[in-house]
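Working through the structure, step by step
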Amino acid sequence: MSNSKYSKIKRILVTGGAGFIGSHLCEKLLDQGHEILCVDNCFTGNKSNVYHLMDNPKFEFYRHDITFPLYVEVDEIYNLACPASPIHYQFDPVQTLKTSVHGAINMLGLAKRVKARILQASTSEIYGDPEVHPQPESYWGNVNPIGSRSCYDEGKRCAETLFFDYHRQYGMPIKIARIFNTYGPRMQPDDGRVVSNFILQALRGEPITIYGDGMQTRSFCYVDDLADGLIKMMQTAFSVTGPVNLGNPVEHRILDLAKNIGELTDSPSKIVFRPLPQDDPRRRRPDIRLAETLLQWRPQIPIDIGLRRTINYFRCGAEDNSLGSKDKF
Ligand code: NAD
Ligand code: UDP
């Protein structure tokens, strides 16, 4: 067991740490003085997301697939490993399920052995195409178990089950954060998510592709706010397990997002309409009252500021990945 157990400096494992959210989380935890072990198989993430951290002696990168066991000594585990965008999680659905299920079992087993706290990056997809709006944590969801999104949704649901069973059976400290749509620098340009798609299309002067009529809604949380929420969740008392929704409660129609990005980029792009993908949720907005009460957390970055920073990131060619959550933009 590392000495860090007895000090405020912790040894922290971040799985999926070379991904979009994971890289921001690693950065923040390092800033707080912790030692970070970033584990990632680089399926959707990239070492370039954490190049700027590599010189820090407290940061270590380890290429590893969490569907295989991992033997390390840590005090806390943030389990973020999992492709998150439909294009990527549908590329190899069986591997997506294995990552959520086998990966959770491996990380829970590790947490049990070393007596670490463990946080699961769960998702609003737990609620599927919700019949309750906004979505509180008590809502059980409306999920298609056999559709093309199911490998992700059901995998994440199973991971939540595993976390609670390990908690009940072994008395382990668990935390479940249900993350809603998050955006910001280091989103992957090719992952098909709406914010990155619209920004790149606008910057290139290509048509902005709205799926369906654009009346469907999402609520977008800037990545800095989200990473702060994850850290606050990890710091809660043993009795706080979650699930806790983390997201921005301000809801936007996709059509309005397209117009907003068009204006912020001063783009000549036209809006075009394309077919809606299968099981695409019509409305999504988190009820974050629990996070406000338990974590004293609510998002601080308004959408226009977050979008400007993200636009600047993509405008700079997304080449310098150290540009990110800082106030450069
Ligand atoms: P991302 O794809 O950028 O990051 C995921 C990381 O996990 C990548 O670096 C990838 O290489 C790694 N990974 C995938 N499979 C792995 C495996 N088997 N072993 C080791 N590493 C593996 O996605 P993100 O947006 O940063 O999402 C991070 C987490 O947050 C995911 O668990 C995702 O489900 C969750 N989440 C994200 C959002 C969002 O809007 N971005 C919303 C809800 C939930
Ligand atoms: N979307 C869109 N055009 C795009 C990409 C996405 O209209 O180029 C829509 C998509 O159909 C969905 C919403 O934007 O209704 C959010 O999509 P995303 O994949 O970013 O997130 P998720 O559907 O997982 O919430």
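Report follows, based on the coordinates. Since this is a predicted model, take the numbers as computed values, not measurements. (Residues numbered from 1 in each chain as written. Chains lettered and ligands numbered in written order. Predicted model: local features only at pLDDT ≥ 70, side-chain atom pairs only at ≥ 80, totals over all residues. Heavy atoms only, no water.)

**Looking at the site of ligand 1**
Near ligand 1 lie 32 residues; those nearest to it are D40, T44, Y152, K156 and R193. N41 is positioned with one of its backbone polar atoms (N or O) 3.2 Å from a nitrogen atom of ligand 1. Protein burial of ligand 1: of its 810 Å² of free accessible surface, 98% is covered by the chains. Top element by residues in the shell around ligand 1 is strand β5 (residues 117-123). It accounts for three residues. Within the shell around ligand 1, the residues separate by chemical class into 15 nonpolar, 13 polar and four charged. (Near = heavy atom within 4 Å. Polar contact = N/O pair within 3.5 Å; in protein donor to acceptor, adjacent residues only side chain to side chain. Areas by Shrake-Rupley, 256 points an atom, 1.4 Å probe, with all protein chains shown as cover. Helix = DSSP H or I, 4+ residues; strand = E, 2+ residues; numbered from the N terminus. Nonpolar A, V, L, I, M, F, W, Y, C, P; charged D, E, K, R; others polar.)

**Some thoughts on helix α5 (residues 194-204)**
Burial analysis of α5 places eight of its 11 residues in the buried class, the great majority of the element. Those residues of α5 that sit buried are V195, S196, N197, F198, I199, L200, Q201 and A202. In this structure, the buried side of α5 is in contact with β7 (182-183), β8 (208-211), α7 (254-264) and α9 (303-315). G205 sits one or two residues past α5 and shows a positive phi near 75 degrees. (Buried < 20%, exposed > 50% of the residue type's maximum accessible area, 1.4 Å probe, protein only. Contact = heavy atoms within 4.5 Å.)

**Structural notes on empty space enclosed by the protein**
For the structure shown, the criterion picks out one cavity of 30 Å³ or more. Considering only enclosed or pocket space, the largest cavity measures out at about 30 Å³ in volume. The wall of the largest cavity is formed by N79, A81, C82, T99, S100, Q120 and K156. In the lining of the largest cavity, the residues fall into two nonpolar, four polar and one charged. (1 Å grid on protein atoms, 1.4 Å probe; cavity = no way out; pocket = protein on both sides within 12 Å on 5 of 7 lines; lining within 4 Å. Points joined across faces, edges and corners; volume = space filled by probe spheres on them.)

**Thoughts on the packing of helix α3 (residues 93-114) against helix α4 (residues 150-170)**
It is the contact of α3 with α4, at a shortest axis distance of 9 Å, that shows an interaxial angle of 15 degrees. On the basis of their axis angle, the class for α3 and α4 is roughly parallel. Crossing of α3 over α4 shows right-handed handedness. Where α3 abuts α4, its residues P93, T96, L97, S100, V101, A104, I105, L108, G109 and K112 lie against C151, Y152, G155, K156, C158, A159, L162, F163, Y166 and Y170. Residue composition of the contact of α3 with α4, by class: 14 nonpolar, four polar and two charged. (Axes fitted to C-alpha atoms, helices over the stretch in contact; angles between N-to-C directions. Parallel < 35°, antiparallel > 145°, perpendicular 65-115°, else oblique. Left-handed = near helix turned anticlockwise from the far one by under 90°.)

**A word on the pairing of strand β4 (residues 76-79)**
Along β4, one buried face is formed by E76 and Y78 and the opposite face, lined by I77 and N79, is buried too. Examined bridge by bridge, strand β1 (residues 11-15) and β4 share four bridges and lie parallel to one another. Across the sheet, T15 pairs through a bridge with N79, a residue of β4. Bridge analysis of β4 against β5 gives four bridges, and the strand direction is parallel. Bridging across to β5, Y78 finds its partner in L119. (Pairing = 2+ DSSP bridges.)

**Regarding the packing of aromatic side chains**
Scanning all chains against the criterion turns up eight aromatic pairs. With centroids separated by 4.4 Å and ring planes inclined at 5 degrees, the aromatic side chains of Y89 and Y152 adopt a geometry described as stacked. In this pair, Y89 is assigned in helix α2 (residues 86-89) and Y152 in helix α4, connecting sequence segments 63 residues apart. We note that Y89, like Y152, is buried. Between Y127 and F180 the ring centres are 6.1 Å apart and the planes differ by 40 degrees, which places this aromatic pair in the tilted class. In this pair, Y127 sits in the loop between β5 and α4 while F180 sits in the loop between β6 (174-179) and β7, placing the two residues 53 residues apart along the sequence. Neither residue differs from the other here; Y127 and F180 are each classed as buried. (Phe/Tyr/Trp six-rings, centres within 6.5 Å; stacked < 30°, edge-to-face > 60°.)

**Here's the deal with the site of ligand 2**
Taken together, 17 residues lie around ligand 2, and T209, Y211, R218, D280 and R284 are the ones closest in. The contact in question runs from a nitrogen atom of ligand 2 to an N or O atom on the backbone of T209, over 2.6 Å. Isolated, ligand 2 exposes 520 Å² of accessible area, and the fraction of that covered by the protein chains is 94%. Broken down by secondary-structure element, the contributors of at least two residues to the shell around ligand 2 are α5 and β8.

None of the figures reported here should be taken as evidence of function without further support.
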